[in-house]
Every structure is written in structure tokens, then in C-alpha cells.
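# Reading the structure
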Amino acid sequence: LEPQSTNLLPYSSDFTQSNWVKHSAVILTPNQPSPDGGNNAYKVQGTIGSSYVLDGGFGSITPQSRSIYMRAETNGVIYSLGDGQSKQINVTTEWQRFEFQEISNSFYAVDFRGSGVTLDNVYIWGAQLEQNSFATSYIPTSGSAVTRNQEICNNSGTVNDFNSEEGVLYAEIAALANDSYRFLSLSDGSNSNNVRFNLSLTANQISFEVNSGGSLQFGYTNNSTDVLSNAKIAIKYKLNDFAVWINGVEVNTDASGITPTGLNTLNFDRGTGGNVFFGKTKNLKVFKRALTDAELQELTT
């Protein structure tokens, strides 16, 4: 789930609009296949060393995150995202979303200067500028800035949907940035009874815990998983049988401890409303029994 954010670019994919400055004989060819399944990408052609597509129609903002989808007809084409050499990007034949964070600037540019290659058959789509320190998912615009509201998960279960005696909490997720604690949890609405994990503000760190009656029954911290990349994570809980699986590997077990009581809610927070999970959520499941090792391996691979 993602926080509220605004794409400040008034035309995110129509690069023919006047807010987009096309420098040095840039040629735009419309109606090209785009990542969303439509035909609204543009092919860009121009002169290497001096060409760019630039939007300068907004005031300087801090912080800022820029992103755009690009592909080329030749692998390994290198251009810049930003101004001049702000960030070199390696454009391939597959659509990729390139992201760039900058402290402050008053324009947005896709830059083809100084790359040392011929500018030919490059495709662009889905430009975005946000006043964030990280990029959120694409917000299309057509004539003005557009704000996407914060996403909220409602109606996330009752006591009849979860098993307090045993089960598995599973998610395929990624954090948006290493800037806060981000929890997913099963709980009774308190810190006393819960099964939860946390993508930490510390780089590459995920912590896991199971609490029953206010006492920690199982705890583990993994320091080798990139939380900014998509990861498949599962925590199994059962009387005297706890385990953590990450990307097909069992990384920790514990054969001692009791399980929580009264689990009745799946939370995108620590279970009490704090440390809300803002991130990319591709999959989320709760199992009402403790899966076998073979099942957990298949689930997280």
C-alpha cells in the first residue's frame, strides 16, 4: 500500500505538449506500444550530444523523485535522467522504470547529451515527478497534476478468519525506501498478541516476532535481504515450532514457545496503528495451518 502522492507533470505521457521542450531537432513518433498494454508511448529520435526532452513548468521542490519508463531497440544504450550527467541509465530492449532522487531542481529532463552513442529508436512513456524521497507507482496525468490518495486496507478479517494456534503469515512485498519501520501483522489489536514482521529503516534488515500474553515467544532479525527489492517472506507459528522463510530458503527456526491468543485482524501496521506499511504489495496470504517445509519452500520461491 502506498502513501498519498502527486505527479506534478501535467502531461505524463503526451510529450508533444508545449510544456515538454524538445531540443535540437528531436523527432517524436506517437502511437507506439506502451507498458500498460496501450499504444501511447513515443519513439524519440534526435542528435546525440545536444538532444533532450525537458519539462520546466514547475517550481523547485525538495525533496524530489523522478521516474520514467524507457526502452531501446538495442541493448546497452546509455542516457541520462536529469540534467546532463545527473544519472546515467542503461536502456535495454525491455521496458524498465528508471528512478532518480534529487535534492532540488525546477525542471525534469530526459537527456541524450554526452552519452557517446547514436540517438536512435528510443521509446519513452510514463514520466513522473513527485515531492518525495522515493518513487511511488505511476500516476497518469493529462492536462494537470494528479494526486493519488493514500491506499487503505479495510475489512481485513475477523477472529473466524485466523487461527491463533497455528498458521503462516506470508507476503510478497518491497519497501519504498529505507526511511521508516514498516510492519505487517496479525494481532488482537494490541502489542500483547501478534505475529508480525517489519521492514526496518536499516538497510537490508527484516525483523520477525511472535508475542503471546505480552511476552516475546519468537524473535529473529535478518540482515541480508534487500527490502527495496521484491521479496517473498513467510513466518510460521505453532506451539514449539516457529520458522522464517525468505525467497525459498529457511533462514531461522525455534522449537520453543507458545502461540498468541485472539488473533482477529490482519494489519498493515504493527497491530496497534503505528508504523504503517507503505510499500509495494504484490501478494498477501494468511494460512490457518502451519505449512510443511516443502510447502513453505514452494510458496516463497
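Residues numbered from 1 in each chain as written. Predicted model: local features only at pLDDT ≥ 70, side-chain atom pairs only at ≥ 80, totals over all residues. Heavy atoms only, no water.

A tally of helices and strands in the protein yields one helix and 22 strands. Within the protein, the proportion of its 301 residues that are buried is 47%. Within the protein, contacts between residues separated by at least 24 positions form 68% of all contacts whose residues are at least 6 apart in sequence. (Helix = DSSP H or I, 4+ residues; strand = E, 2+ residues; numbered from the N terminus. Buried < 20%, exposed > 50% of the residue type's maximum accessible area, 1.4 Å probe, protein only. Contact = heavy atoms within 4.5 Å.)

Our focus in this paragraph is the sheet that holds strand β13 (residues 166-175). With antiparallel pairing, the five strands of this open sheet are ordered in space as β20-β19-β18-β13-β22. Because the sheet does not close on itself, it has two edges, and the strands there are β20 (249-254) and β22 (279-287). For this sheet the average axis-to-axis angle between neighbouring strands, irrespective of direction, equals 15 degrees. By the bridge criterion, four bridges tie strand β18 (residues 231-238) to strand β19 (residues 242-246) in an arrangement that is antiparallel. Bridged to I235 within β19 is V244. (Pairing = 2+ DSSP bridges. Axes fitted to C-alpha atoms, helices over the stretch in contact; angles between N-to-C directions.)

Within soluble globular proteins, side chains that are nonpolar generally end up buried alongside one another. Residues F197, F208 and I235 are the most contacted members of the largest nonpolar core, which totals 28 residues. Within the residue set of this core, elements represented by two or more residues are β13, β14 (182-187), β15 (194-199), β16 (206-212), β17 (215-222), β18 and β19. Filtering out sequence-adjacent residues up to four positions away, F208 remains in contact with R196, F197, F218, G219, Y220, I233, I235, V244 and I246. With 21 residues, the next largest nonpolar core counts V26, V77, Y79 and V122 among its residues. (Core = buried A, V, L, I, M, F, W, Y, C linked by side-chain atoms within 4.5 Å.)

A separate point is the environment of N19. Note on placement: N19 falls in the loop between β1 (5-7) and β2 (20-23). The class for N19 is buried, based on a relative accessible area of 16%. N19 sits 34 residues away from V53 along the chain, and the two C-alpha atoms are 9.9 Å apart.

The next point concerns the pairing of β14. With respect to burial, β14 is a largely interior element, six of its six residues being buried. Of the two faces of β14, the one carrying R182, L184 and L186 and the one carrying F183, S185 and S187 are both buried. With six bridges connecting them, β14 and β15 associate as antiparallel partners. Of the residues in β15, the one forming a bridge with F183 is N198. Counting the residues between successive antiparallel strands, the hairpin from β14 to β15 contains six residues, one of them, G189, with a positive phi of roughly 90 degrees.

The next point concerns the sheet that holds strand β3 (residues 27-32). Here we have five strands laid out as an open sheet, ordered β3-β4-β11-β6-β9, and antiparallel in their pairing. For this open sheet the edge positions go to β3 and β9 (96-102), each flanked by a neighbour on one side alone. Going across the sheet, the axis of each strand differs from the next one's by a mean of 35 degrees, ignoring polarity. Pairing analysis gives four bridges linking β3 to strand β4 (residues 41-45), with the strands arranged antiparallel. Following the sheet pairing, T29 is matched in β4 by K43.

Time to look at the pattern of salt bridges. Using the criterion set out here, one finds six salt bridges in the structure. Notably, a salt bridge pairs R97 with E99, separated by 3.8 Å at the nearest N-O pair. The class of R97 is partly exposed, set by a relative accessible area of 21%. When its relative accessible area of 26% is taken as the criterion, E99 is described as partly exposed. Across the pair K236 and D241 runs a salt bridge whose closest N-O atoms are separated by 3.1 Å. Taking the relative accessible area as the measure of exposure, K236 reaches 6% and is therefore buried. (Salt bridge = Lys/Arg side-chain N within 4 Å of Asp/Glu carboxyl O.)

Attention now goes to the pairing of β16. In terms of burial, β16 is largely enclosed, as six of its seven residues are buried. The sheet contact formed by β15 and β16 spans six bridges and is antiparallel. By the bridge assignment for β16, R196 is matched with E209. Connecting the antiparallel pair β15 and β16 is a turn made up of six residues, with N204 showing a positive phi of about 65 degrees. Note that β16 and β17 share seven bridges and pair antiparallel. Paired with N211 across the two strands is L216, which belongs to β17.

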